[in-house]
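So the chains spell out like this:
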Amino acid sequence: MKKLINWFTNPPVTGQSTILILRLMAGTVFFWEGILKFVYVNQGVGRFTKLGFPFPETTAHFVATCEIIGGLLLVVGLFTRITAFYFIIQMIVAVLSTKIDLYLGTSPLPLPPAPPKIGIWAVLHETRSDYAQILTCLFLLIEGAGRRSLDFIISTSKRLYSISES
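For clarity, every value in this text was computed on a predicted model and none was experimentally measured. (Residues numbered from 1 in each chain as written. Predicted model: local features only at pLDDT ≥ 70, side-chain atom pairs only at ≥ 80, totals over all residues. Heavy atoms only, no water.)

### A closer look at the overall build of the protein
Phase 1: Counting its regular elements, the protein contains eight helices and zero strands.
Phase 2: Each helix and strand of the protein, placed in order from N terminus to C terminus, yields the pattern α-α-α-α-α-α-α-α.
Phase 3: Along the first, second and third principal axes, the C-alpha atoms of the protein reach 65 × 30 × 30 Å.
Phase 4: Out of the 166 residues belonging to the protein, those deemed buried represent 35%.
Phase 5: Total accessible area computed for the protein in this model is approximately 10100 Å², and 72% of it derives from carbon and sulfur atoms. (Helix = DSSP H or I, 4+ residues; strand = E, 2+ residues; numbered from the N terminus. Buried < 20%, exposed > 50% of the residue type's maximum accessible area, 1.4 Å probe, protein only. Areas by Shrake-Rupley, 256 points an atom, 1.4 Å probe, with all protein chains shown as cover.)

### What to know about the nonpolar core
The nonpolar side chains of a soluble globular protein tend to be buried, and buried together.
Phase 1: Membership of the largest hydrophobic core comes to 14 residues, with the highest contact counts inside it found for Phe30, Leu74, Ala84, Phe87, Cys137, Leu140 and Leu141.
Phase 2: Broken down by secondary-structure element, the contributors of at least two residues to this core are α2 (19-39), α5 (80-104) and α7 (128-143).
Phase 3: It is α5 that provides the largest number of residues to this core, a total of five residues.
Phase 4: Residues in contact with Phe87, not counting those within four places in the same chain, are Phe30, Cys66, Glu67, Gly70, Gly71, Leu74 and Cys137. (Core = buried A, V, L, I, M, F, W, Y, C linked by side-chain atoms within 4.5 Å. Contact = heavy atoms within 4.5 Å.)

### With respect to the pattern of salt bridges
Phase 1: In total, this model carries two salt bridges according to the counting rule given.
Phase 2: Across the pair Lys37 and Glu67 runs a salt bridge whose closest N-O atoms are separated by 3.0 Å. With Lys37 in helix α2 and Glu67 in helix α4 (residues 56-76), this residue pair connects regions lying 30 residues apart in the sequence. Here Lys37 matches Glu67 in class, with each residue buried.
Phase 3: As a salt-bridge pair, Lys99 and Asp130 come within 3.3 Å of each other at their nearest N and O atoms. Of the two residues, Lys99 is situated in helix α5 and Asp130 in helix α7; the sequence distance between them amounts to 31 residues. (Salt bridge = Lys/Arg side-chain N within 4 Å of Asp/Glu carboxyl O.)

### Quick look at the packing of aromatic side chains
Phase 1: Going through the model one piece at a time under the given rule, you end up with five aromatic pairs.
Phase 2: Arranged with centres 3.6 Å apart and planes meeting at 5°, the rings of Phe30 and Phe87 form a pair that is stacked. Placement of Phe30 in helix α2 and of Phe87 in helix α5 is noted, with a sequence separation of 57 residues between them. Of the two residues, Phe30 and Phe87, both sit in the buried class.
Phase 3: Ring centres 5.4 Å apart and planes at 55° place the aromatic pair Tyr86 and Phe87 in the tilted group.
Phase 4: In this structure Phe87 comes out as buried when scored by relative accessible area, which is 0%.
Phase 5: Joined through ring pairs, the aromatic side chains of Trp7, Phe8 and Phe85 make up one cluster. (Phe/Tyr/Trp six-rings, centres within 6.5 Å; stacked < 30°, edge-to-face > 60°.)

### Considerations on the environment of Phe38
Phase 1: Take Phe38: it is sitting in helix α2.
Phase 2: The spatial distance from the C-alpha of Phe38 to the C-alpha of His61 is 7.1 Å, given a sequence separation of 23 residues.
Phase 3: If we ignore the near neighbours within four places in the chain, the residues touching Phe38 are His61, Ala64, Thr65 and Ile68.

### Quick word on the environment of Thr59
Phase 1: Mapped onto the elements, Thr59 comes out in helix α4.
Phase 2: Sequence separation between Thr59 and Ser17 is 42 residues, and the spatial gap between their C-alpha atoms is 35 Å.
Phase 3: Aside from chain neighbours lying at most four places away, what touches Thr59 is Phe48, Phe53 and Pro54.

This is the structure we're talking about:
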């Protein structure tokens, strides 16, 4: 358990500086999707109610808040592995709670505006952004935030501090 905690809390920070581009992509999408859940009821409480989530108002506000904060954390590259792991779990839950019913044609949410409306092709089409977010977060989970991140600044300041103590 100690190794796992250490793995999450001490991510590699020697990755390319261009990892920033992936953090910006994923982080800003989560950030604005979190805001949308507060601004538009059909994206937040209404959606969670239709999907049958328990305590839809609390759940929607919790998820929205986590998306806003987590999105900002990804953008600045702080707690990147922990945040990426949370978002992978969240996106898997989102896909499972919305796309199975789409496949079966029983979705309580509006069907896609154009064919395919149900079945595997509808699911694959509607899952494209979820898939991109999951894979981007998986990359960040494995590789860390890169050199242009607060994780890097904190990591190098710890090393400098421990070297100067010696």
